[in-house]
Amino acid sequence: MSKKRLVILGGGESGVGTALLGKAKGYEVFVSDKGTIKVKYKKVLIHNEIEWEEQQHTESKILNADVVLKSPGISDKVALVQQLIQKNIPVISEIEFASKYTNATIVGITGSNGKTTTASLMHHLLKQEIEVGLAGNIGDSFAKQVLEKDYKNYVLEISSFQLDGIIDFKPQIAVITNITPDHLDRYDNQFEKYIASKFSIAKNQTKEDYLIYDADDEVITNWLDAHPVQSTLLPFSLVRKIENGAYLEQENIILTIDNNQIIMPKTNLALEGKHNIKNAMAASTVAHLLKIRKQTIRESLENFQGVEHRLENVLKINKVQYINDSKATNVNATYYALESMDAPTVWIVGGVDKGNNYQELYPFVNEKVKAIICLGVDNQKIIEAFGNMVDIIVETQYMTEAIKIAYKLAESGDNVLLSPACASFDLFENYEDRGRQFKEAVRNL
């Protein structure tokens, strides 16, 4: 019998990890990338004798696949992907492929914002007592970890694009942090399609599985009312009492599962801001389900340091706090950032706009922002949105210049906040590059 052919589109972290797992499981593997493959990944492919190509997709080597794994960055609308679909060749994502080769308990986290912080916080809580891997959009590829370590438990941060490529994938515990319009360019500008994509994290769940979600998010609750799921529901809320799940009562987080209760003072949380109370609720609900001791949960929430490029305090210079929130690539993420500012703020914003509606930021900008520095190629929309609200709007295309301007504008007690609300690809490689340049420029002041 001939080997099954696994073709992988995209030679990045998840693609190469899947190639290794596929080869180990007896597939004939071919990796094809339309761009260039990073040197470190090429070395791995060559060392493992896996066939690959770059800067092209050779159709004759792709359309003969038994199964195709597609990088989350490639849209379903690409002609090649459409051809595969027409030929009834399954086009799946890494989490679908890799999950078939592990018996681990999987915690899957999706949402428009807060995924990375919640996944990292959850991993931090769980690793104190159980063996757990962290993968998905974060860290080493899931497939590679299944091959090399095969942890008993995984926390996976999962994007809607990865969920679009699942057939049988089922996390025992699913978490939806929130849903706000994002990436609509990939969903025919239909918010409904994007919501459905997020909810597919629960589509294969049964009543033995759990869905943890933000009960204050109307998009989520309305969808659940109209499209009930099989899962056992464990909501969390800041505004109403929850019998099974987590809620806030005065200064305490109260978490109840099957009459077993934990009470935690919110003042002790290491991360500040309302959204981080929600992240803590989601993470501790998962930890409680996986039998982590209450004391460990409390201590872990108190000493968790947060995620790089997410409301990261960089330095205080002349009593001005510089804050790196480069990971805020949409308006909703910047909403959380501005909401948590407690001093007059010089706000650095801009980049590639994904169809942003800035209106929800107006109250915070009116109340807290003293000056805006636009850091993008095209800043027209930002200037139109906020021109009448702040006295000073400056444009620049260089991070070093943006920081020098901010340094001049900020006074003792102010904040300087990089929270772009946009993608970074016009001036930077990615949001990490943007955040690192910010930190370097601040340190060079």
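Please read these numbers as outputs of a predicted model, since none were measured by experiment. (Residues numbered from 1 in each chain as written. Predicted model: local features only at pLDDT ≥ 70, side-chain atom pairs only at ≥ 80, totals over all residues. Heavy atoms only, no water.)

A.B. asks: Just checking my understanding: could you explain the pairing of strand S8 (residues 153-157) for this structure?
C.D. replies: The side chains of a regular strand alternate, residue by residue, between the two faces of the sheet. Within S8, 5 of the 5 residues are buried, which leaves the element mostly enclosed by the surrounding structure. Neither face of S8 is open: one carries Asn 153, Val 155 and Glu 157, the other Tyr 154 and Leu 156, and all of them are buried. Pairing of strand S6 (residues 105-110) with S8, which is carried by 5 bridges, proceeds in the parallel orientation. Counted as the bridge partner of Ile 109 is Glu 157 from S8. (Buried < 20%, exposed > 50% of the residue type's maximum accessible area, 1.4 Å probe, protein only. Helix = DSSP H or I, 4+ residues; strand = E, 2+ residues; numbered from the N terminus. Pairing = 2+ DSSP bridges.)

A.B. asks: Honestly, helix H2 (residues 39-47) in this entry has me stumped. Any pointers?
C.D. replies: An α-helical turn contains 3.6 residues, so any two residues separated by three or four positions project in the same direction. Those residues of H2 lying buried are Tyr 41, Lys 42 and Leu 45. Projected down its long axis, H2 shows its buried positions confined to an angular sector of 100°, all on one face. Those residues of H2 that are exposed and angled more than 90 degrees off the buried face are Val 39, Lys 40, Lys 43 and His 47. Taken together, the buried residues of H2 touch helix H1 (13-24), strand S2 (28-33) and strand S3 (51-54). Positive phi appears at Glu 49, one or two residues downstream of H2, with a value of about 55°. (Arc of directions from axis to C-beta. Contact = heavy atoms within 4.5 Å.)

A.B. asks: Would you mind showing me how to read the packing of aromatic side chains here?
C.D. replies: Any aromatic ring pair is given by two values, namely how distant the centres are and how the planes are angled relative to each other. Per the stated rule, a full pass over the model turns up 13 aromatic pairs. Ring geometry for Tyr 151 against Tyr 154: centres 5.8 Å apart, planes inclined by 85°, an arrangement best described as edge-to-face. Comparing Tyr 151 with Tyr 154 shows no difference in burial state: the two are buried. Ring geometry for Phe 161 and Tyr 187: centres 6.2 Å apart, planes at 25°, overall stacked. Of this pair, Phe 161 sits in helix H8 (residues 160-163) while Tyr 187 sits in the loop between strand S9 (173-176) and helix H9 (191-199), and the two are 26 residues apart along the sequence. In this structure, Phe 161 and Tyr 187 share a single accessibility class: buried. Ring pairing ties together the aromatic residues Phe 161, Tyr 187, Phe 191 and Tyr 194, which thus form one cluster. (Phe/Tyr/Trp six-rings, centres within 6.5 Å; stacked < 30°, edge-to-face > 60°.)

A.B. asks: How should I be thinking about the packing of helix H6 (residues 115-126) against helix H11 (residues 274-289) in this particular structure?
C.D. replies: Packed helices, taken two at a time, are described by their axes: the angle between them and the distance between them. As a packed pair, H6 and H11 sit with axes 9 Å apart at the nearest point and diverge in direction by 40°. With respect to each other, H6 and H11 are oriented oblique. In terms of crossing hand, the pair formed by H6 and H11 is right-handed. Across from Thr 117, Thr 118, Leu 121, Met 122, Leu 125 and Leu 126 in H6, the residues of H11 making contact are Asn 276, Asn 279, Ala 280, Ala 282, Ala 283, Ser 284, Val 286 and Ala 287. (Axes fitted to C-alpha atoms, helices over the stretch in contact; angles between N-to-C directions. Parallel < 35°, antiparallel > 145°, perpendicular 65-115°, else oblique. Left-handed = near helix turned anticlockwise from the far one by under 90°.)

A.B. asks: Would you mind going over the side chain of Ser 75 with me for this structure?
C.D. replies: Residue position: Ser 75 is located in the loop between strand S4 (67-70) and helix H4 (79-86). Since its relative accessible area comes to 17%, Ser 75 is described here as buried. Separated by 3.0 Å, the side chain of Ser 75 and the backbone nitrogen of Lys 77 make a polar contact. Not counting residues within four places of it along the chain, the set of residues in contact with Ser 75 comprises Val 81 and Arg 186. (Polar contact = N/O pair within 3.5 Å; in protein donor to acceptor, adjacent residues only side chain to side chain.)

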